[in-house]
Amino acid sequence: MTRFSFTIAATDGKARTGSIQMQRGDIRTPAFMPVGTAATVKAMKPESVRGTGADIILGNTYHLMLRPGAERVAKLGGLHQFMNWDRPILTDSGGYQVMSLSDLRKLTESGVEFRSHIDGSKHMLTPERSMEIQRLLGSDIVMAFDECPRADQPRDEIARSMELSMRWAKRSRIEFDRGGKHAQSAALFGIQQGALNEDLRKTSADKLIDIGFDGYAVGGLAVGEGQKAMFATLDFAPQQLPEDKPRYLMGVGKPDDLVGAVERGIDMFDCVLPTRSGRNGQAFTCNGPLNLRNARHAEDTGPLDERCSCPTCGTYSRAYLHHLQKSGEILGAMLVTEHNLSFYQQLMQAMRDAIEAGQFSHFASDFRRDYLKADD
């Protein structure tokens, strides 16, 4: 069986469509990965997540190492068996979460010492330990351990951080390759850093290519720099990475972010937005996001999105979903989350179809015309 391979079926400008083949199944690209932080995509059953069209989900190394613990998950048969998801899982390295806890951490060449946000207990996360945790979880796509600085840091600080991440990438590669059976069935992705700087990102890309990875992520974006700066960076960053490997933009994003990033050559995405928004009464539609708490939906008998084929849109009215949100009913979070994840997967399929047909720029322009006119 194939450990990992990536096939590009069609291109249209910089946009590409194809698939990643792995032992637990194929991943159609461009792909959106729902985020299953703590071994669950919030408010969704795993079979319902698959029902939306998701080929792969993301698990979170930092959260799972703290609770229930990677060793416990391994003892219970690995993350797939633990959460009843039999398709590929990508796990992040824990680096981003540790960065966001800057008040609770101490960074050294060796790794990051930090205190748990749950109980204050002390932990050490190194490239080696990150690889071990992801191996214990049974991850299919493992991410190299990196540091993710904020984009507004001084250039010297961003350069120092990028160089450290590249040394950690090398250590991640060495430790991953020592993983025996797991290394023979899983893949390892490197993470390009360098914030908004073209030359630093080029240096980072060259170092990662020299180490050699199955896929390459564009890291260090979607950390507050704004869409304009992100797109300006994506105008050059993906092309610095190998053309024959998947390119993964971490932590992105809004539907219009996805379309703009696919236009610039990105193949994979993950983001908490569709699930977090679903729990907070925001629904994504072809005509832009809706705030279901707004009174104008209180007597609207129409679906969330007339073009959407999900069970929520086929069964429930905006008025009912508005009522559930205003009442704080759990079902409201479940139904809107299912719609949002379905909307994202339908958007990915529409992009794949448009690239295949050589119509991507036409699709992107129609999408933006409808989506960005939202007034809710």
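Residues numbered from 1 in each chain as written. Predicted model: local features only at pLDDT ≥ 70, side-chain atom pairs only at ≥ 80, totals over all residues. Heavy atoms only, no water.

On to the packing of aromatic side chains, then. Each aromatic ring pair is characterised by the separation of its centres together with the angle its planes make. Scanning the entire structure with this criterion turns up 11 aromatic pairs. Centroid distance phenylalanine 360 to phenylalanine 363: 6.0 Å. Interplanar angle 35°. Geometry classified as tilted. Separated by 3 residues within a single helix, phenylalanine 360 and phenylalanine 363 lie in helix α16 (residues 360–371), roughly one turn from each other. With a relative accessible area of 3%, phenylalanine 360 lands in the buried category. Through successive ring pairs, a cluster of aromatic residues spans Phe32, Phe284, Phe343 and Tyr344. Across the ring face of phenylalanine 231, the terminal group of arginine 264 is positioned such that the distance to the ring centre comes to 4.2 Å. (Phe/Tyr/Trp six-rings, centres within 6.5 Å; stacked < 30°, edge-to-face > 60°. Helix = DSSP H or I, 4+ residues; strand = E, 2+ residues; numbered from the N terminus. Buried < 20%, exposed > 50% of the residue type's maximum accessible area, 1.4 Å probe, protein only. Lys NZ or Arg CZ within 6 Å of the ring centre and 35° of its normal.)

Looking now at the layout of surface pockets. There is about 750 Å³ of room inside the largest pocket. Contributions of two or more residues to the lining of the largest pocket are made by α2 (61–66), α5 (95–100), β14 (268–271) and α12 (273–279). Ranked by the residues each element gives to the lining of the largest pocket, the list is headed by α5, at 4 residues. Each residue belonging to the lining of the largest pocket can be placed in one class, and the counts come to 14 nonpolar, 13 polar and 6 charged. If you trace the second largest pocket, you find it lined by Cys286, Asp305, Arg307, Cys308, Phe343, Gln346, Leu347, Ala350, Phe363, Asp366, Phe367 and Asp370. Of all elements in the fold, only α15 (330–356) and α16 reach the threshold of two or more residues within the lining of the second largest pocket. Tallied by class, residues from the lining of the second largest pocket come to 7 nonpolar, 1 polar and 4 charged. (1 Å grid on protein atoms, 1.4 Å probe; cavity = no way out; pocket = protein on both sides within 12 Å on 5 of 7 lines; lining within 4 Å. Points joined across faces, edges and corners; volume = space filled by probe spheres on them. Nonpolar A, V, L, I, M, F, W, Y, C, P; charged D, E, K, R; others polar.)

Let us look at the pattern of salt bridges. Across all of its chains, the model carries 27 salt bridges by this definition. Through salt bridges with shared partners, a single network forms among Arg105, Glu147, Glu157 and Arg160. (Salt bridge = Lys/Arg side-chain N within 4 Å of Asp/Glu carboxyl O.)

Glancing now at the sheet that holds strand β3 (residues 25–29). In spatial order, the strands read β1-β2-β3; together these 3 strands make up an open sheet with antiparallel pairing. Each end of this open sheet is capped by a strand with a single partner; those strands are β1 (4–12) and β3. In this sheet, adjacent strand axes meet at a mean angle of 15° when their direction is disregarded. In the sheet, β1 pairs with strand β2 (residues 15–22) via 8 bridges, with the strands oriented antiparallel. From the neighbouring strand, phenylalanine 4 faces β2, where its bridge partner is methionine 22. (Pairing = 2+ DSSP bridges. Axes fitted to C-alpha atoms, helices over the stretch in contact; angles between N-to-C directions.)

Let us look at the pairing of strand β12 (residues 215–218). Taking every second residue as pointing to the same face, both faces of β12 are buried, with Gly215 and Ala217 on one and Tyr216 and Val218 on the other. Pairing geometry for strand β11 (residues 187–192) and β12, over 4 bridges, is parallel. Looking across to β12, one finds that glycine 190 is bridged to tyrosine 216. For the segment spanning β11, helix α9 (residues 198–211) and β12, crossover handedness is right-handed. The pairing of β12 with strand β13 (residues 247–249) spans 3 bridges and is parallel. If you follow alanine 217 over to β13, its bridge partner there is tyrosine 248. Each parallel crossover has a hand, and the one from β12 via helix α10 (residues 227–234) to β13 is right-handed. (Right-handed = clockwise from strand over helix to strand, strands pointing away.)

Further remarks concern the sheet that holds strand β9 (residues 122–125). Read across the open sheet, the 3 strands follow the order β7-β8-β9; overall the sheet is antiparallel. The two strands at the open ends of the sheet, each matched to only one other strand, are β7 (105–107) and β9. Strand after strand, the sheet turns through a mean of 15° between neighbouring axes, direction not considered.

Another aspect to go through is α9. An ideal rise of 1.5 Å per residue puts 20 Å on 14 residues; α9 measures up with 20 Å between its terminal C-alpha atoms. Among the residues making up α9, those that are buried are Leu200, Arg201, Ser204, Ala205, Leu208 and Ile211. One side of α9 carries all its buried residues, which in axial view fall inside an arc of 135°. The secondary structure elements touched by the buried residues of α9 are α7 (155–177), β11, β12 and α10. Downstream of α9 by a residue or two, glycine 212 has a phi angle that is positive, lying close to 95°. (Expected span 1.5 Å × (residues − 1). Arc of directions from axis to C-beta. Contact = heavy atoms within 4.5 Å.)

Soluble, globular proteins show a tendency: their nonpolar side chains are buried together. If you look at the biggest cluster of nonpolar residues, it comprises 82 residues, and the most contacted ones within it are Leu234, Leu249, Leu258, Phe269, Met351 and Phe360. Those residues in contact with methionine 351, other than ones at most four positions away along the chain, are Leu258, Val259, Val262, Phe360 and Phe363. Within the second largest apolar cluster, 20 residues are counted, among which are Phe6, Ile20, Val35 and Met250. (Core = buried A, V, L, I, M, F, W, Y, C linked by side-chain atoms within 4.5 Å.)

On to helix α11 (residues 255–263). Of all 9 residues that make up α11, 8 are buried, and the element is covered over most of its length. Of the residues flanking the end of α11, it is glycine 265, one or two places downstream, whose phi is positive at about 100°.

A cis amide bond, omega 0°, links threonine 29 with the succeeding residue proline 30. Relative to the helices and strands, proline 30 is located in the loop between β3 and β4 (31–36). The omega torsion across valine 252 and glycine 253 is 0°, close enough to zero to call that bond cis. Tracing the backbone shows glycine 253 in the loop between β13 and α11. Even without being a glycine, asparagine 84 presents a positive backbone phi close to 65°. Locating asparagine 84 in the fold gives a position in the loop between α4 (79–83) and β6 (89–91). Positive phi outside glycine occurs at alanine 222, with the angle close to 60°. Among the secondary structure elements, alanine 222 is positioned in the loop between β12 and α10. Since its relative accessible area comes to 34%, alanine 222 is described here as partly exposed.

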